[in-house]
Each structure stands twice: as structure tokens, then as C-alpha cells.
Amino acid sequence: MKIACVGGGPAGLYFSLLLKLRQPQHEITIYERGAPGVTRGWGVVFWNDLLDQLRDADPESAAQIAQAAFPWSNEIVDVGGTQILHGVSQGYGMKRRLLLDILARRAEQAGVRIEYHHEVTSAAQLPDADLIVACDGVNSRLRAEASGIQTDEQPGTNKYIWLGTEKVFSTFTFPFVHTSSGWVWAHAYGVDAGSSTFIVECAQETWDGLGFAAMSQAECLAVLEKIFAAQLDGHQLIGTSPDGLNAQWVNFRTITNNRWYDGRVVLAGDAAHTTHFSVGSGTRLAIEDAIALAGRLQRDEEVPVALGAYERERRETILRTQLASRYSAQWFENVPRYIGLGPRQFSALMRRRRSPLMPRISPQLYYWSWPTSREPPFVDTLRRLAGPPAVKVYGWLRQLQSRAKN
Ligand SMILES: Cc1cc2nc3c(=O)[nH]c(=O)nc-3n(C[C@H](O)[C@H](O)[C@H](O)COP(=O)(O)OP(=O)(O)OC[C@H]3O[C@@H](n4cnc5c(N)ncnc54)[C@H](O)[C@@H]3O)c2cc1C
């Protein structure tokens, strides 16, 4: 088959790589509008579950990704200077550019052709392709022209900007800072030994009030550096990636589609679905789409049968993440509803932000009625009534008790 893949992001690169490795007889070309090594967006987070899937699918690229991944541990919520240990976890960050470099090199080694500086805005530009995999991201042009796909797009109400900084956050940090126009916060995590991602988010009214619309990028970064001075420790924010692309303030958009394929065009990655950055899953889902689509094409002889099976499989699998994403995005759109409760309660509610129930009842009632952590109910209640030191003392007593028993 002649397969054209439009878009050289994680979905397009990984799909092409896997299919070529497994079925080298296919002629696979990726059309990427950008230059080699150029990408929008700073760095992304992922967890061991993604690394495990990468190892199963292609151990060689997985080993390179695992080696280059920057480990961070634990999560901190900082509300106006009060820091709360928000979660005990271990994850990884990586610059998008590095991830794409690894995948592109590996795909080319496997025999995939990548044509950079080649924009494809219509399937009609690819008359010879038997199959077109639209991996052209959230603004997919191929999706827009495929009438059978029927896209739904829900814009979020918050503004965000995807920045970098040379301050290394080895703990995932969510600083919330109160300004004269309302709360502004960031999602900050290390992506290598010398830099971090720093996504800044706020409500539209706050954004209007702070006057970001009328500012140049340099002015905007200067204001944000002042707002987050305590967290940045004198480090600058970076709004321009090494390739010269400028970060922009935008609203997140939730994309869903009634169908994932139409004729010879099939969607994968952000073209098929988006999930809010606060659940850190978009890259994982794009990679999983690639694994599933390559697997189905390998298994089923008839392409339409493979595409149908791929759509059903992925639709079902991503449902939970899509719901989590929607509730998490809404939670961040309602920060003022929760932040007045004080840092400890706020952090506990943030941990449970994917709950469909929380927006429907009073935050206080939710806090006191539902577990806000994965701890046993007694420990959870103790933490809420008496705070983390009491939980520590309880832990020591349990240890002494079990030693005495042995
Ligand atoms: C602020 C922010 C933070 C995020 N953080 C995380 C995170 O921590 N963890 C995580 O897992 N995910 C994260 N994501 C989501 C993740 O970036 C995306 O889900 C993922 O990149 C999707 O991969 P993709 O290949 O589908 O699309 P993309 O990565 O968007 O790639 C699409 C490619 O197609 C190319 N293209 C577009 N149109 C055309 C055209 N007409 N012709 C040719 N080429 C074209 C583009 O240049 C681009 O290279 C974040 C997203 C945002 C916005």
C-alpha cells in the first residue's frame, strides 16, 4: 500500500515507524509542514505506563526515550506561598523537540520517508495514496474537509500560554498567585537538567484585567516573571522556542468526532481527540492511537475493516481519559470556587478534580464527605482533621506496634 501520513508529531511518527517495522512492504511518507527539529510547545510529562507501552512496541526507540527522560518526583501545590505536598508520585518530563527527534530518526532508519516543509491541506493533493492518516493535530485541515467525520469543538473559558524556563522544577509544582485581577497559576515540571515547562493559566477576566491582550511578548513575560518571582528564583521565562516559534495565549479546545474515518482518510492523535493539558495524556493517547492503528492494519486484510475496528477500540479505551480531561479542565475554570477554602483543602480537592460529583455539590460538603486521597478512609480523615504531622505520628505508632508483634 501507499500510505501518506500528514503531520510529523508523535502520532504520525510513531504510526509510520511501527507499521514500517512490521510490514516493510508498505511505502510510507510523512508530510510535515515544519522544518526538521521544529516544533510548537515546550515539554510534556508522562509516566511509566507510557514507557511500558513503548518498550512493548519498539524497544529501540523506547530505550532512547527512557534514557533521555527527565525524572521528577512528587507534586506540590503552592497557594500564595503556602506549600502543600499534593501528591506522592514519580513521572518524567521531556522536551517535545527531543521526543520528536528520536522518533523521526528511528522512523527514517526503518525506511519511512519524511518530507519536511510540505503542507497538505486537502486529500486531493495526495491522489496516489491508498490510505491517508491525518495526524495534523488539533486544527486538522484533512478532518475539516471530510464531511463524514463531523467534528464537535468545545472551547474552554480559560486562557493559557505554554512557556519554558531555565529554572529546573524537579517536583511537579502548581503555584497559584493572587493578583489585582484574580488568580493566575502555572503547571511547572522539569524537562531536562537545565529547563522546565511552565504553562501559565488564568480566567479570561483575569487575563483582560491584567491587560495581556495589548502587551508584546516581552512585556507579557516581564509581568509573568513578576507574578511568579518567588517560584522562579530569578530565572526568566522563555516564550520563544530554540526554533524561533513564539508562544501565544490561547483557549484550550476539546475536540471530539462522530466518526474517525471517512473514505481513505483516518484520524489519529489530536486530530481525533484532545485532552486538557492538566491530565498530561495527549501524547500518550497519540502514541496509543498509533500502536492500535498499526496493529489493526497489520491484522485485518481489508482496510475499511481495520479502520472500523481501530475506531471502536480507541473510542472505548479513551473514554475515561476524555471524561477526566473534561472535569479537570472545568475544575481549573472554577478555581475561585475552591481556593477560598484554604491551601490544604484546596489541594485535597484539586487531587480529586476529575470527579463528576464535585462541581454539583458544595466544595465543603464534598471535602468532608468523599475521600480526597487513595489512603485508607481512617488515614484520610485523620489527615483532614489533624493535618500531615498527625498522619506521620500515626505511621510511627503503627510501625512500633508491628515491631512489637514480631
Ligand atoms: C499546553 C499543553 C501542554 C501539554 N502537555 C502535555 C503533557 O504534559 N503530556 C502529554 O502527554 N500531552 C501533553 N499535551 C498534549 C500533546 O502535546 C498532544 O496531545 C500531542 O502532541 C498530540 O500529538 P499529534 O501527533 O496528534 O499532534 P501534534 O503534536 O500537534 O503534531 C501535529 C503535526 O502536524 C503538523 N501539521 C499540522 N498541519 C499540517 C498540514 N496541513 N500539513 C502538514 N503538516 C501539518 C504540525 O506541524 C505538527 O508537527 C499538551 C498540550 C498542550 C497544548
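Structure's up top.
Basis of the calculations
- Residues numbered from 1 in each chain as written.
- Predicted model: local features only at pLDDT ≥ 70, side-chain atom pairs only at ≥ 80, totals over all residues.
- Heavy atoms only, no water.
- Helix = DSSP H or I, 4+ residues; strand = E, 2+ residues; numbered from the N terminus.
- Rg over C-alpha atoms; globule rule 2.2 N^0.38 Å.
- Buried < 20%, exposed > 50% of the residue type's maximum accessible area, 1.4 Å probe, protein only.
- Contact = heavy atoms within 4.5 Å.
- Areas by Shrake-Rupley, 256 points an atom, 1.4 Å probe, with all protein chains shown as cover.
- Lys, Arg positive; Asp, Glu negative; His and termini not counted.
- Charge placed at Lys NZ, Arg CZ, Asp CG, Glu CD.
- Core = buried A, V, L, I, M, F, W, Y, C linked by side-chain atoms within 4.5 Å.
- Axes fitted to C-alpha atoms, helices over the stretch in contact; angles between N-to-C directions.
- Parallel < 35°, antiparallel > 145°, perpendicular 65-115°, else oblique.
- Left-handed = near helix turned anticlockwise from the far one by under 90°.
- Nonpolar A, V, L, I, M, F, W, Y, C, P; charged D, E, K, R; others polar.
- Near = heavy atom within 4 Å.
- Polar contact = N/O pair within 3.5 Å; in protein donor to acceptor, adjacent residues only side chain to side chain.
- Patch = residues over 30% accessible without salt bridge, like charges linked within 9 Å, V, L, I, M, F, W, Y side chains within 5 Å.
- Salt bridge = Lys/Arg side-chain N within 4 Å of Asp/Glu carboxyl O.

Draft legend 1. Here's a closer look at the overall build of the protein chain. Scanning the protein chain from terminus to terminus reveals 15 helices and 16 strands. Its C-alpha radius of gyration of 23 Å places the protein chain within 12% of the 22 Å reference for a compact globule of 406 residues. Across its three principal directions, the C-alpha atoms of the protein chain cover 65 × 65 × 40 Å. A total of 406 residues make up the protein chain; the buried ones form 52% of that total. A separation of at least 24 residues holds for 69% of the contacts in the protein chain among residues at least 6 apart in sequence. Working note: accessible area of the protein chain is about 18600 Å², and carbon and sulfur atoms make up 51% of it. When the 42 positive and 41 negative side-chain charges of the protein chain are each reduced to one mean point, those points stand 8 Å apart.

Draft legend 2. Up close: the nonpolar core. In this structure, Tyr14, Phe15, Ile65, Ile132 and Val133 are the most contacted members of the largest nonpolar core, which totals 64 residues. Examining the composition of this core, we find that eight residues originate from one element, helix H9 (residues 282-299), more than from any other. In contact with isoleucine 65, other than residues within four places in its own chain, are Phe46, Leu51, Leu54, Met94, Leu99, Ile102 and Leu103. Within the second largest apolar cluster, 29 residues are counted, among which are Val45, Ile199, Met350 and Tyr366.

Draft legend 3. Local environment of the packing of helix H1 (residues 10-22) against H9. Interaxial distance between H1 and H9 falls to 8 Å at its minimum, and their mutual angle equals 30°. Considering the angle they form, H1 stands roughly parallel to H9. For the element pair H1 and H9, the recorded crossing hand is right-handed. Facing Pro10, Ala11, Tyr14, Phe15, Leu18, Leu19 and Arg22 of H1, the residues of H9 in contact are Thr283, Ala286, Ile287, Ala290, Ile291, Leu293, Ala294, Gly295, Leu297 and Gln298. Looking at the contact of H1 with H9, its residues break down into 13 nonpolar, three polar and one charged.

Draft legend 4. Layout of the site of the ligand. Near the ligand there are 31 residues, and of these Glu32, Val45, Arg96, Val120 and Asp270 occur at the shortest range. Aspartate 270 is positioned with one of its side-chain polar atoms (N or O) 2.7 Å from an oxygen atom of the ligand. About the coverage of the ligand: the protein hides 90% of its 990 Å² of free accessible area. Of all the elements in the fold, those that place two or more residues in the shell around the ligand are H1, strand S3 (43-46), strand S9 (159-165) and H9. Residue contributions to the shell around the ligand peak at four residues, all from H9. Each residue belonging to the shell around the ligand can be placed in one class, and the counts come to 14 nonpolar, 10 polar and seven charged.

Draft legend 5. Representation of the packing of helix H2 (residues 48-57) against H9. Two numbers describe how H2 lies on H9: the axes approach to 11 Å, and their chain directions differ by 25°. One element, H2, and the other, H9, form an angle in the roughly parallel class. Considering the relative orientation of H2 and H9, their crossing is left-handed. Residues Asp49, Leu50, Gln53, Leu54 and Ala57 of H2 lie in contact with H9, whose contacting residues are Arg284, Ile287, Glu288 and Ile291. When the residues that make up the contact of H2 with H9 are grouped by side-chain class, the tally is five nonpolar, one polar and three charged.

Draft legend 6. Structural detail: a nonpolar patch on the surface. A contiguous nonpolar patch, built from Val393, Trp396, Leu397 and Leu400 and spanning about 430 Å² of accessible area, is present on the exposed surface. Tracing the backbone through its elements, the reader meets leucine 400 in helix H15 (residues 388-405).

Draft legend 7. The environment of alanine 268, seen in detail. Along the polypeptide, alanine 268 turns up in the loop between strand S16 (265-267) and H9. In the structure, alanine 268 is positioned 18 residues away from valine 250 in sequence and 23 Å away in space, judged by C-alpha atoms. Residue contacts for alanine 268: discarding those within four places in its chain leaves Ala11, Val133, Ala134, Cys135, Asp289 and Tyr310.

Draft legend 8. Layout of the pattern of salt bridges. Summed over all chains, the structure comprises 16 salt bridges. Three or more residues are tied together by salt bridges with common partners; here these are Asp49, Arg284, Glu288, Asp289 and Arg314.

Worth remembering: the numbers are spatial, not functional.
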